[in-house]
Amino acid sequence: MMKLLRHGTVFSLVAISTAAVVVAVSLLISTRSALGAQTTPPPYSHSWYVTNVNGNDWYTWAHNVDGPLDNSHCTNSLVILDFGQPDYQGGTYGTIYFAPNYPFVSDLVIIYDLENYSNGWYQGTGNCPRLHLVAGTNNYHEIPSGGGTPSGAGSAWADSVRAVQNYLVSNGTSWQITADDMEQPGGGQAWDCANPGPPKSPTRSFIDGYNGNSNRTILLDYGTAWVPNPANGSCWSAADVAYVAYTGLDYPLPEIYFASALNSWISVRKSYYMYFKGVLTTCKDGDPLPSDYCSNPSGWYAPTLAWNAFWYNLALNGVSQSSLDYAPNIK
């Protein structure tokens, strides 16, 4: 396939619908190796809960909004496109995404959307930035239709991510892609338990299905680490968190929304080794985001504060690492 030319046709920006959980589209990349200990937080990048699966909209949003933001940073970025909970409908795996009435979208359409986003981002940037594309899902009430299995969904997700990566390589854009959000129970009964069973929990089944597929790439856990959580039967242990976040090709990208969320991850890390890829925040403020606390939600950590607080507390608790590469903000 011919390599994409930069700065080709520019489509008019199509407004992305913003339902209850906002969203749109966002991301790409190539990871950097640490050259000595990191001392300053990386620039934040956009991430989105997906409410729109129109491929042309993905292109224009990436070209006109997220690409220019990342290009201005002249550094590596990580952006998550969260497509919602895994499901199986019409003989195919996919997700229930964040549009009104939570419609189903197949993995094939997700692949197409990610490819369109990658093209738009590439055309909307220069040679400076590098971006890591994360195709996200979650473990909320997995496979609600009852048709497939969490393990099958995990394996299919690995195939989808690999298909997008192969597409990027064939276009000469060579971006590396990771996937998945293993949210822990956060108060709702439908958030999955992670206990090993028997029977094996849906979360572990998804993880094992993903890691058991030879097509797998890096997988990120950008969830929480509440253990135990009485609101959901106290069914997550520190060992469960470590398994989900750091098994096979899994790496944690913890949600550091406020101090208690930070402390929950530090507590798990003190008992189980893992290497963190960065931090995730969820300010709903407009750009540029504040450097300390969000206005919405009020008092929650903005990316720079979340990174600094997590970096400092890792060192304070004797579990420091050489780098903490990314600080995406999802909304």
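See above for the structure.
Source: prediction; values computed, not measured. (Residues numbered from 1 in each chain as written. Predicted model: local features only at pLDDT ≥ 70, side-chain atom pairs only at ≥ 80, totals over all residues. Heavy atoms only, no water.)

Draft legend 1. Layout of the state of the cysteines. Applying the stated criterion across every chain yields a total of two disulfides. A sulfur-sulfur distance of 1.7 Å marks the disulfide that ties Cys 74 to Cys 128. Between Cys 74 and Cys 128, the S-S dihedral sits near 100°, and the bridge is therefore right-handed. Remark: Cys 128 occurs in the loop between helix H2 (107-123) and strand S6 (130-136) and Cys 74 occurs in the loop between helix H1 (55-73) and strand S2 (76-82); sequence separation between them is 54 residues. (Disulfide = S-S within 2.5 Å. Helix = DSSP H or I, 4+ residues; strand = E, 2+ residues; numbered from the N terminus.)

Draft legend 2. Summary view of the nonpolar core. Ranked by size, the top nonpolar core spans 59 residues in total, and within it Phe 83, Leu 114, Trp 265 and Phe 310 carry the most contacts. When residues of this core are assigned to their parent elements, the largest contribution, eight residues, is made by helix H3 (residues 150-170). Counting residues in each nonpolar core, the second largest holds 13 residues, with Ile 80, Phe 98, Leu 253 and Leu 280 among its members. (Core = buried A, V, L, I, M, F, W, Y, C linked by side-chain atoms within 4.5 Å. Buried < 20%, exposed > 50% of the residue type's maximum accessible area, 1.4 Å probe, protein only.)

Draft legend 3. Region of the structure containing the packing of aromatic side chains. Following the criterion strictly, the structure yields 15 aromatic pairs and no others. Geometrically, the ring pair formed by Tyr 257 and Trp 300 is stacked, given 5.4 Å between the ring centres and 20° between the ring planes. With a gap of 43 residues between them, Tyr 257 in the loop between strand S9 (250-252) and helix H6 (259-271) and Trp 300 in the loop between H6 and helix H7 (303-316) connect regions that are remote in the sequence. For Tyr 257, a relative accessible area of 11% translates into the label buried. Overall, the relative accessible area of 27% leaves Trp 300 in the partly exposed class. Judged by centre distance (5.9 Å) and plane angle (85°), the rings of Trp 265 and Phe 276 are edge-to-face. Here Trp 265 is found in helix H6, whereas its partner Phe 276 is found in the loop between H6 and H7, with 11 residues between them in sequence. Given the relative accessible area of 0%, Trp 265 is considered buried. Look at Phe 276 and you get buried, because its relative accessible area is 1%. Just above the ring of Tyr 243 sits the side chain of Arg 204; from NZ or CZ to the centre is 4.0 Å. (Phe/Tyr/Trp six-rings, centres within 6.5 Å; stacked < 30°, edge-to-face > 60°. Lys NZ or Arg CZ within 6 Å of the ring centre and 35° of its normal.)

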